[in-house]
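Spelled out from the first residue to the last, the chains are:
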Amino acid sequence: MNWRRLRIASQAFFFALFLALGVKASQGFTGAPWNLFARFDPLTAVLVSLGSRKLLFAFFWGAALTVVLTLLLGRVFCGWVCPLGAFLEWTSRPIPSGRRGKSYYLFHAGFFLLVFMLLLAAVGRLWPSFLDPITIAQRALITSLHPAIGFLIRASGDALYSFGPLQSFVDHADRLWRWLGLLPQSGLRLYRFSLIFLGLILILAFLNRLLPRFWCRAICPLGYLLTLLGRLSPLEVRVDEEACNRCGICASLCPILPAQAERVDNRADCWRCADCI
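Residues numbered from 1 in each chain as written. Predicted model: local features only at pLDDT ≥ 70, side-chain atom pairs only at ≥ 80, totals over all residues. Heavy atoms only, no water.

Chemist: When you look at the overall build of the chain in this model, what are you seeing that I'm missing?
Modeler: The secondary structure content of the chain amounts to 14 helices and zero strands. The buried share among the 277 residues of the chain stands at 41%. Look at the contacts in the chain between residues 6 or more apart in sequence, and 76% of them connect residues 24 or more apart. Only carbon and sulfur atoms are counted for the fraction: they give 68% of the accessible area of the chain, which is about 15,200 Å². (Helix = DSSP H or I, 4+ residues; strand = E, 2+ residues; numbered from the N terminus. Buried < 20%, exposed > 50% of the residue type's maximum accessible area, 1.4 Å probe, protein only. Contact = heavy atoms within 4.5 Å. Areas by Shrake-Rupley, 256 points an atom, 1.4 Å probe, with all protein chains shown as cover.)

Here's what the structure looks like:
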């Protein structure tokens, strides 16, 4: 079985599902299932429960499933499900071994960010939750990029509609865009605050070109929470000691290992990408 292709297919499926649900949510649909990804986010569940001083069952069951999967399989959410992780992987480039050195192991920033968010949530301050990856993806891709695309489509359609021979084409295209959800029936709204998230995700995409998947390795608080839980996972990456000649090929494919590594090992921060298999 080609695990890499299966993982890419999984990422594509969940990314498309995330966009579809997000587009519907931006049209005024609220609650389940439109906020499905937030309900499966254990960091959101912890922060909201701490801030409200009570266990919110609306978030509990989905978050509990993510926790159970992490305890069993490790950090699979990051490598197979997370929409922001998929976007950053697709906008990244292969990791040359010379660029995968010690600088990545300044990468305990995620731990301090996670502690900071939990402490503020404990005193009722939830504003740092905007650094949750699901929140970033939703704000950037849905509430910023989606209306911006809608504005461009509508402006282009209005310009082309002035040409008589193209009016029929524009009418059919308009119905298609509305069916796809790119032109909400109730109109388009572009929130200025959401542009901050769009700028943030563009910065992360730029950093990806310098340090591939920088966010996932270094900063992501949800990723660090899942790393802590993943330490208990029985699923391990094991090397056949008799067959291994320390050629370094598996280590060169791993997005986690430092440059000096000769082969993969069992790590809690492994997001089970299966590239080394």
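Back to the write-up after that little detour.
Chemist: Can you help me understand helix α13 (residues 221-230) in this one?
Modeler: Each full turn of the α-helix corresponds to 3.6 residues, which orients residues three or four apart in the same direction. Counted residue by residue, α13 has eight buried out of 10 residues, so it is predominantly covered. Of the positions making up α13, those classed as buried are Pro-221, Leu-222, Gly-223, Tyr-224, Leu-225, Leu-226, Thr-227 and Gly-230.

Chemist: Explanation requested: helix α6 (residues 83-90) in the structure shown.
Modeler: With seven of its eight residues buried, α6 lies for the most part within the structure. When we look at burial in α6, the residues that qualify are Pro-83, Leu-84, Gly-85, Ala-86, Phe-87, Leu-88 and Glu-89.

Chemist: Would you mind showing me how to read a nonpolar patch on the surface here?
Modeler: On the surface, a nonpolar cluster with roughly 470 Å² of combined accessible area is contributed by Leu-65, Val-68, Leu-69, Leu-72, Leu-73 and Leu-235. Relative to the helices and strands, Leu-65 is located in helix α4 (residues 57-73). The class of Leu-65 is partly exposed, set by a relative accessible area of 42%. (Patch = residues over 30% accessible without salt bridge, like charges linked within 9 Å, V, L, I, M, F, W, Y side chains within 5 Å. Salt bridge = Lys/Arg side-chain N within 4 Å of Asp/Glu carboxyl O.)

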